[in-house]
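So you can see what is in the structure, the chains are spelled out below.
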Amino acid sequence: METTGRQDKPLAKLKSELVTKKDIDLDCYEHNILPLFLNSLHYTDKRININKRNGKVCDCIIDTKIIVRFYRNEGEKKALSELDGILDSKGYEWGILLHRKGIWLLNRDIYRGDESFTCDRIVFAMSFTGSKDNNYFKYLSYDNLVGESRNAKYFADITEYKNRNFSSTNKASWAAYSGALKRFFNYYAENRYNYSQVTYMNITFSDFEEYVKASSNINSETSAKNQFSYIKGFMISKTGPDGEFARGRDELLGRCQDILRKKNDEFVDITAAQVRELIDALAKDRNGTRNITLFLMIMGMGIERRKLCSLRWDYEIAKDMTHIQMDALSVKLPRILEQSLKELRMEEPEDAVYVFGNCTTKYMTPLKEGSINGMLDRINKTIKNQNGINMITPAGLRRWLFLHLLDMNVSLQEIMCMMNISVDNLSSYIDDAKMRDRGKTLINSWDRHPMDEFFEGVKG
């Protein structure tokens with residue numbers, strides 16, 4: 001669910017290009033750096049107009065709504081100020097600054113406050129010397145700015161909330177507020193509804209509960225309470241004092257306890273026979289082979305949603321369908337998944353790029369995360385009650401896979417490496433008591449101490 005702290009590969013590549021080159025003339029920018037940005041965020045089929053001036057400035061205008069600007073030599077503050085002015089004078093809805101110091105996203109329609117702290121229109125500031133907003137690079141895509149989803153507007157509304165509700169004396173606390181709000185709306189956009197589909201009145205306290213359950217960073221009543229207090233202020237500003245988030249302290253504390261108790265107690269308990277029934281049911285879908293393969297990828301490999309969406313036949317999947325490339329790791333696939341991938345490859349066009357691509361674009365663009373959520377929602381709502389299965393979600397299935405592999409005595413290091421689980425996030429999959437119990441079982445089965453061989457050498 002959450003961002004991981006690692007940069008998107010396209011952002012890392014852009015950073016490398018913009019930071020390491022000693023001098024970037026406008027031709028180099030136009031032919032090397034700008035295409036990298038446009039291709040990674042799916043702008044290539046849009047109306048694009050490029051305008052270079054005086055060897056100093058390059059503007060890329062997209063569908064008359066977005067301006068992407070680069071300066072050959074200009075400080076970021078002046079560059080941002082000039083780009084902000086362009087949004088007013090030319091009427092572009094979004095401005096993106098590509099700069100040696102980072103990448104910035106601005107929105108024309110953000111309300112300006114009067115004080116110096118509250119006058120900006122910056123939605124994201126992806127600094128190359130830090131990592132504040134780097135995990136939100138995907139929201140600079142065409143779809144998230146002016147397309148079907150428009151999810152960048154959630155984050156523009158957060159900046160406007162700062163401009164309306166925070167004075168300069170609150171500047172130190174804004175980092176905590178904005179961080180909490182961005183994480184929540186990133187979850188909401190990925191797992192619930194796009195900005196174009198929802199009004200803030202539709203966002204419920206139950207959505208916050210699901211967010212807390214899915215979050216790897218919220219594990220105590222204090223953290224849940226603090227996150228809610230930050231989100232509550234924003235939501236009340238949108239829905240008024242009678243909205244879903246206008247809840248008192250006592251009720252909140254009780255609900256936080258319940259949320260965290262459920263989070264720690266819930267688990268997936270699923271048998272091979274139940275999986276067979278699920279696969280049989282999915283086979284009846286219009287995209288049956290794709291959905292079965294998708295489900296097996298989550299259940300057998302524990303791959304997160306965003307990575308599933310970007311899986312490519314030529315980069316990640318071996319030609320014989322036996323292995324998947326995950327970062328610098330080549331992992332053997334379960335045989336059932338090999339077969340499913342082979343069937344899926346036969347159904348897709350020969351030039352298909354994405355494994356789970358959008359069929360309307362002949363698999364040349366990736367599947368949206370909402371499509372994965374829709375498939376899993378269908379399992380939850382129409383199948384699980386018949387089979388007695390709970391928690392059919394990517395996060396739930398990842399916990400199940402972790403524990404199942406651990407029960408099979410697969411080493412903890414192998415599991416964490418395959419599933420890309422950090423040490424800091426290990427408690428989301430197993431608590432200390434369960435880890436110790438499994439350790440006791442293994443230790444009780446020892447025939448000899450594992451250090452015996454070493455000490456044989458000590459004895460000489």
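The structure this text deals with has already been given above.
Residues numbered from 1 in each chain as written. Predicted model: local features only at pLDDT ≥ 70, side-chain atom pairs only at ≥ 80, totals over all residues. Heavy atoms only, no water.

Novice: What is the right way to look at the overall build of the protein in this model?
Specialist: A count of helical and extended segments in the protein gives 19 helices and 8 strands. In the protein, buried positions account for 48% of the 460 residues. Restricting to contacts in the protein with at least 6 residues of sequence separation, those with at least 24 account for 59%. Accessible area of the protein: about 23,200 Å², with a carbon and sulfur share of 49%. (Helix = DSSP H or I, 4+ residues; strand = E, 2+ residues; numbered from the N terminus. Buried < 20%, exposed > 50% of the residue type's maximum accessible area, 1.4 Å probe, protein only. Contact = heavy atoms within 4.5 Å. Areas by Shrake-Rupley, 256 points an atom, 1.4 Å probe, with all protein chains shown as cover.)

Novice: Would you mind going over the sheet that holds strand β6 (residues 122–127) with me for this structure?
Specialist: Strand-to-strand pairing in sheets goes through backbone hydrogen bonds, with the strands running parallel or antiparallel. As summarised here, the arrangement of the 6 strands in space is β1-β2-β3-β4-β5-β6, forming an open sheet in which the pairing is mixed. Every other strand in the sheet has two partners, leaving β1 (48–53) and β6 as the edge strands with one partner each. When the angles between neighbouring strand axes are averaged without regard to direction, this sheet yields 15 degrees. By the bridge criterion, 6 bridges tie strand β4 (residues 94–99) to strand β5 (residues 102–107) in an arrangement that is antiparallel. Across the sheet, leucine 98 pairs through a bridge with isoleucine 103, a residue of β5. (Pairing = 2+ DSSP bridges. Axes fitted to C-alpha atoms, helices over the stretch in contact; angles between N-to-C directions.)

Novice: Please clarify how the nonpolar core should be interpreted in this entry.
Specialist: Within soluble globular proteins, side chains that are nonpolar generally end up buried alongside one another. One finds Phe37, Tyr43, Ile66, Val68, Ile96, Ile103 and Phe185 to be the most contacted residues of the largest nonpolar core, which totals 65 residues. Here isoleucine 66 is in contact with Tyr43, Cys60, Ile61, Trp94, Ile96, Tyr142, Leu145 and Val146, once residues within four sequence places are set aside. Judged by nonpolar contacts, the second largest core, of 46 residues, contains Ile270, Leu311, Met321 and Phe356. (Core = buried A, V, L, I, M, F, W, Y, C linked by side-chain atoms within 4.5 Å.)

Novice: What is the right way to look at the pattern of salt bridges in this model?
Specialist: Side chains bearing opposite charge may pair, as long as their charged atoms lie close to each other. Following the criterion strictly, the structure yields 25 salt bridges and no others. Note that arginine 69 and aspartate 59 form a salt bridge whose closest N and O atoms lie 2.7 Å from each other. Here aspartate 59 lies in strand β2 (residues 57–62) and arginine 69 lies in strand β3 (residues 66–71), a separation of 10 residues in the sequence. Taking the relative accessible area as the measure of exposure, arginine 69 reaches 3% and is therefore buried. When its relative accessible area of 6% is taken as the criterion, aspartate 59 is described as buried. Arginine 121 is paired through a salt bridge with aspartate 84; the nearest N and O atoms lie 3.7 Å apart. Of this pair, arginine 121 sits in the loop between β5 and β6 while aspartate 84 sits in helix α3 (residues 76–90), placing them 37 residues apart in sequence. Take aspartate 84: its relative accessible area is 12%, and that puts it in the buried class. Each member of the salt-bridge network shares a partner with another, and the members are Asp84, Asp88, Arg112 and Arg121. (Salt bridge = Lys/Arg side-chain N within 4 Å of Asp/Glu carboxyl O.)

Novice: Sorry, what's going on with the side chain of aspartate 63 here?
Specialist: Looking at the secondary structure, you find aspartate 63 in the loop between β2 and β3. Residues contacting aspartate 63, with those up to four places away along its chain left out, are Lys46, Arg47 and Tyr142.

Novice: In this structure, what is going on with the pairing of strand β7 (residues 323–326)? I would like to understand it.
Specialist: When a strand is regular, its side chains alternate between the sheet's two faces. Residues Ile324 and Met326 of β7 are buried on one face, while the alternating residues His323 and Gln325, pointing to the opposite face, are not. Note that β7 and strand β8 (residues 329–332) share 4 bridges and pair antiparallel. Among the inter-strand pairings, methionine 326 is bridged to a residue of β8, identified as leucine 329.

Novice: Can you help me understand the packing of helix α11 (residues 288–301) against helix α13 (residues 335–347) in this one?
Specialist: The relative placement of two packed helices is expressed as an angle between their axes plus a distance between the axes. Two elements in contact, α11 and α13, have axes whose closest approach is 9 Å; the angle formed by their N-to-C orientations is 150 degrees. Relative to α13, the element α11 lies roughly antiparallel. Remark: the crossing between α11 and α13 carries left-handed chirality. Note on element contacts: α13 touches α11 through Ile336, Leu337, Ser340, Leu341, Glu343, Leu344 and Glu347, opposite Thr289, Arg290, Ile292, Thr293, Leu296, Met297 and Met301. (Parallel < 35°, antiparallel > 145°, perpendicular 65-115°, else oblique. Left-handed = near helix turned anticlockwise from the far one by under 90°.)

Novice: When you look at the packing of aromatic side chains in this model, what are you seeing that I'm missing?
Specialist: Each aromatic ring pair is specified by the distance between its two centres and by the angle formed by the two planes. Under the definition given, this model contains 37 aromatic pairs. Ring centres 4.7 Å apart and planes at 50 degrees place the aromatic pair tyrosine 139 and phenylalanine 155 in the tilted group. Note that tyrosine 139 is positioned in the loop between β6 and α4 (142–145) and phenylalanine 155 in helix α5 (residues 152–165), a separation of 16 residues in sequence. Phenylalanine 155 matches tyrosine 139 in its accessibility class, with the two residues each being buried. (Phe/Tyr/Trp six-rings, centres within 6.5 Å; stacked < 30°, edge-to-face > 60°.)

Novice: Teacher, can you tell me more about a nonpolar patch on the surface here?
Specialist: Residues Met451, Phe454, Phe455 and Val458 make up a contiguous nonpolar surface patch of about 400 Å² in total accessible area. Considering the arrangement of structural elements, one finds phenylalanine 455 in helix α19 (residues 452–459). (Patch = residues over 30% accessible without salt bridge, like charges linked within 9 Å, V, L, I, M, F, W, Y side chains within 5 Å.)

Novice: I keep staring at unusual backbone geometry and nothing clicks. Help me out?
Specialist: Note: most peptide bonds trans; most residues except glycine with negative phi. For tyrosine 363, which is not glycine, the phi dihedral falls at a positive 65 degrees. Of note in the backbone geometry, asparagine 409 takes a positive phi value of approximately 65 degrees without being a glycine. The exposure class of asparagine 409 is exposed, given its relative accessible area of 55%.

Novice: Looking at this structure, how should I read the side chain of threonine 322?
Specialist: As for its placement among the helices and strands, threonine 322 is situated in the loop between α12 (305–310) and β7. The class for threonine 322 is buried, based on a relative accessible area of 16%. What threonine 322 contacts, discounting residues up to four positions off in sequence, is Val331, Lys332, Leu333 and Glu338.

Novice: Is there a simple way to think about α3 in this case?
Specialist: Side chains of residues three or four places apart in an α-helix project in the same direction, reflecting 3.6 residues per turn. Helix length check: α3 (15 residues) gives 20 Å between terminal C-alpha atoms against 21 Å at 1.5 Å per residue, within 8%. Taken as a whole, α3 has its buried residues at Ala79, Leu80, Leu83, Asp84, Ile86 and Leu87. End-on, the buried residues of α3 take up no more than an arc of 155 degrees, which puts them together on one face. Turned more than 90 degrees off the buried face of α3, the exposed positions are Lys77, Ser81 and Ser89. Buried positions along α3 lie against β3, β4, β5 and β6. Looking one or two residues beyond α3, the residue adopting positive phi is glycine 91, at roughly 80 degrees. (Expected span 1.5 Å × (residues − 1). Arc of directions from axis to C-beta.)

Novice: Sorry if this is basic, but what is going on with α5 here?
Specialist: Here α5 is 14 residues long and its end C-alpha atoms lie 20 Å apart, about the 20 Å a rise of 1.5 Å per residue gives. With 12 of 14 residues buried, α5 lies mostly within the body of the structure.

Just geometry here; none of it tells us what the structure is for.
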